[in-house]
Amino acid sequence: MGGRVARVARGWLVVLGVAAGVSVLLPAVPAAAHNSLTGSDPKNGARVATAPKRVELRFLASPAPATTKITITGPDNVPAAGGAPTFAGNRVSVPFTPGAAGLYIVAYRVGSADGHPVTGEIRFTLTRGTAAAPPSATATPTTAAPSTPPASPATSAVSPPPAADEVDSDGGTGWLWAAGAAVVLVALGGGLLLRRRSAGG
């Protein structure tokens, strides 16, 4: 009788042990299948004076590149991601392009083994911003070429020289008449002198 009770007791102990083991393992399966963020560099809420070259996120499971999206924005929502993310196991790194001092937000979206995406963000503050590049001093201002007056259009034909004053035909004829009248007057005067002399003799 006592041996039978002992066997029944040992059987119940085995059953209870198996049940306890199953109860411990079952909650762990969904937790392992559901990805989550485990750390970052810079840390969430950090204040950094020197801008990092990359922002790194660490996850519980290795994220798939096809279902992973990470963005970085700075003050005034200016994008600060300098390129595509790179993957190494459960780590994802994104090149960081610093801008003005202020709050930077790293937003992520990764897939999980159970098919549910995981989204979240970390925030850090850059206490020293990057000054904007000054304009190039070597650039010389362009000066407009002096405008030249338009050339006068060439004449199709050479202008003829000014014509000499034409002689008035009437004027030439009048001169001839005056000369003839003078000759007649001289002849008449000579004739009158001869007649006087002959009359006096």
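Our structure's up above, just so we're on the same page.
The rules we used
Residues numbered from 1 in each chain as written. Predicted model: local features only at pLDDT ≥ 70, side-chain atom pairs only at ≥ 80, totals over all residues. Heavy atoms only, no water. Core = buried A, V, L, I, M, F, W, Y, C linked by side-chain atoms within 4.5 Å. Buried < 20%, exposed > 50% of the residue type's maximum accessible area, 1.4 Å probe, protein only. Helix = DSSP H or I, 4+ residues; strand = E, 2+ residues; numbered from the N terminus. Contact = heavy atoms within 4.5 Å. Phe/Tyr/Trp six-rings, centres within 6.5 Å; stacked < 30°, edge-to-face > 60°. Salt bridge = Lys/Arg side-chain N within 4 Å of Asp/Glu carboxyl O.

How do you make sense of the nonpolar core when you look at a structure like this?
In this structure, L57, I70, I72, F96, V106 and F124 are the most contacted members of the largest nonpolar core, which totals 19 residues. Elements with a contribution of two residues or more to this core: strand 3 (54-59), strand 4 (69-73), strand 6 (91-95), strand 7 (102-110) and strand 8 (118-126). Other than its neighbours up to four places away in sequence, F96 contacts A51, P52, K53, R54, V55, I72, A80, G82, Y104 and F124.

Would you mind going over the packing of aromatic side chains with me for this structure?
Where two aromatic rings form a pair, the distance of their centres and the angle of their planes describe that pair. In this structure the tally under the stated criterion is four aromatic pairs. With a centroid separation of 5.2 Å and an interplanar angle of 80°, the aromatic rings of F96 and Y104 are classed as edge-to-face. Classification of F96 by relative accessible area gives buried; the value is 7%. Taking the centre distance of 5.8 Å and the plane angle of 15° together, the rings of Y104 and F124 count as stacked. Remark: F124 occurs in strand 8 and Y104 occurs in strand 7; sequence separation between them is 20 residues. Owing to a relative accessible area of 2%, Y104 belongs among the buried residues under this scheme. In textbook terms, an aromatic cluster arises when at least three aromatic residues are bridged by ring pairs, as seen for F96, Y104 and F124.

How should the pattern of salt bridges be read in this particular structure?
Tallied over the full model, the rule gives three salt bridges. Taking the shortest distance from any N to any O, the salt bridge between R58 and E56 comes out at 3.0 Å. Overall, the relative accessible area of 23% leaves R58 in the partly exposed class. A salt bridge links R123 to E121; its shortest N-O distance comes to 2.9 Å. Given the relative accessible area of 36%, R123 is considered partly exposed.

Whenever I open this one, unusual backbone geometry confuses me. Can you help?
Working note: non-glycine residues mostly have negative phi, and peptide bonds are mostly trans. Here the bond from D41 into P42 is cis, since omega is 0°, no more than 30 degrees from zero. Although it is not a glycine, D76 adopts a positive phi angle of roughly 60°. Tracing the backbone through its elements, the reader meets D76 in the loop between strand 4 and strand 5 (86-88). Even without glycine at this site, N77 takes up a positive phi of about 60°. Tracing the sequence through the fold places N77 in the loop between strand 4 and strand 5.

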